[in-house]
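Per-entry structural report
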Amino acid sequence: MRTLKRFLKLAFLALAFPLYLLFLLFAQLGSIDSVFMSFSQGLSLIPGKFGTYVRAAFYHLSCPATSDEISVGFLTILSHRNTSIAKGVYIGPQCNIGMCSIGENTLIGSGVHVLSGSRQHEFTDITKPIQEQGGTFEKVRIGADCWLGNTALVMASLEDHSILAAGSVLTKPSAKGDILVGNPAKCISNRFKPSSPSAHQQSEVAE
């Protein structure tokens with residue numbers, strides 16, 4: 001079974017390679033991130049296992065340090081080429097993934113948004129429209145063995161082995177193993193400490 005799976009991945013890499021070359025060609029004519037996002041939007045529309053394998057192959061070829069052993073769900077869009085996805089990562093459907101790195105074996109639920117930091121738009125100059133004031137894009141780090149619940153919003157780095165509850169908004173970096181809940185997300189427990197969350201807290205973290 002493992003041999004068959006590896007053969008399929010190699011076949012899809014060969015299938016995706018002409019698409020990758022086409023991406024590189026179009027990237028010469030405009031902004032590489034705009035072209036990348038357009039390709040990502042198109043690939044997000046392919047359903048089923050076929051779409052999962054094609055997306056994994058394309059992102060492996062086009063994104064730095066990205067494994068081909070990943071699963072990126074239907075209607076999920078990556079907006080920056082400078083995104084790194086490690087082996088074993090699962091990203092659910094209808095997500096929007098900004099510039100980030102995602103560590104091994106991390107699970108990302110449906111409808112999760114990962115922003116390229118919290119300073120993408122400046123707004124201090126009241127005499128200018130916000131869209132003309134520029135901003136800073138940051139490569140957010142999501143660590144290994146993390147779990148991000150459905151519709152969570154990430155604006156800061158999440159350390160290894162952490163959990164961000166469904167619907168929570170992470171605005172500040174977490175500590176390793178934190179279990180975070182709410183808007184803004186606050187730590188209610190830590191996976192490395194002997195005390196465990198209450199039954200009520202466990203229900204808050206559930207998908």
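Quick note: structure is the one above.
Here is a short report on the structure shown in this document. Per chain, residues are indexed from 1 in the order of the written sequence. The model is predicted, so local features are restricted to residues of pLDDT at least 70 and side-chain atom pairs to those at 80 or more, both for listing and for counting; the totals for chains, interfaces and linings are taken over all residues. Heavy atoms from the whole structure form the basis of all side-chain values; hydrogens and water molecules are not counted.

A pair of strands is labelled paired if DSSP reports no fewer than 2 bridges between them. Numbering goes from the N terminus for both helices and strands, where a helix is a DSSP run of H or I of at least four residues and a strand is a run of E of at least two. By the bridge criterion, 4 bridges tie strand 14 (residues 178-181) to strand 15 (residues 186-190) in an arrangement that is antiparallel. By the bridge assignment, Asp178 is partnered in strand 15 with Asn190. Between strand 14 and the antiparallel strand that follows it, strand 15, lie 4 residues; Gly182 among them carries a positive phi value of about 105°.

So, on to the nonpolar core. Throughout this description, the term nonpolar core refers to a set of buried Ala, Val, Leu, Ile, Met, Phe, Trp, Tyr and Cys residues connected via side-chain atoms within 4.5 Å. For each residue, the accessible area found with a 1.4 Å probe, counting protein chains only, is set against the maximum for its type, and the residue is called buried under 20%, exposed over 50%, and partly exposed in between. Tyr59, Ile91, Ile102, Leu148, Leu158 and Leu164 are the most contacted members of the largest nonpolar core, which has 40 residues in total. Secondary-structure elements contributing two or more residues to this core are helix 1 (2-27), helix 2 (32-44), helix 3 (48-62), strand 6 (100-102) and strand 9 (140-142). The contact partners of Leu148, leaving out residues within four places of it in the chain, are Thr106, Leu107, Ile108, Gly109, Val112, Ile142, Val154, Leu158 and Leu164. Throughout, a contact is declared for two residues whenever any of their heavy atoms are within 4.5 Å.

With 13 residues, helix 2 extends 18 Å between its outermost C-alpha atoms, agreeing within 8% with the 18 Å of an ideal straight helix rising 1.5 Å per residue. Buried residues of helix 2: Val35, Phe36, Phe39, Ser40, Leu43 and Ser44, and no others. In this fold, the buried residues of helix 2 make contact with helix 1, helix 3 and strand 2 (77-78). To estimate the expected span of a helix, subtract one from its residue number and multiply by 1.5 Å.

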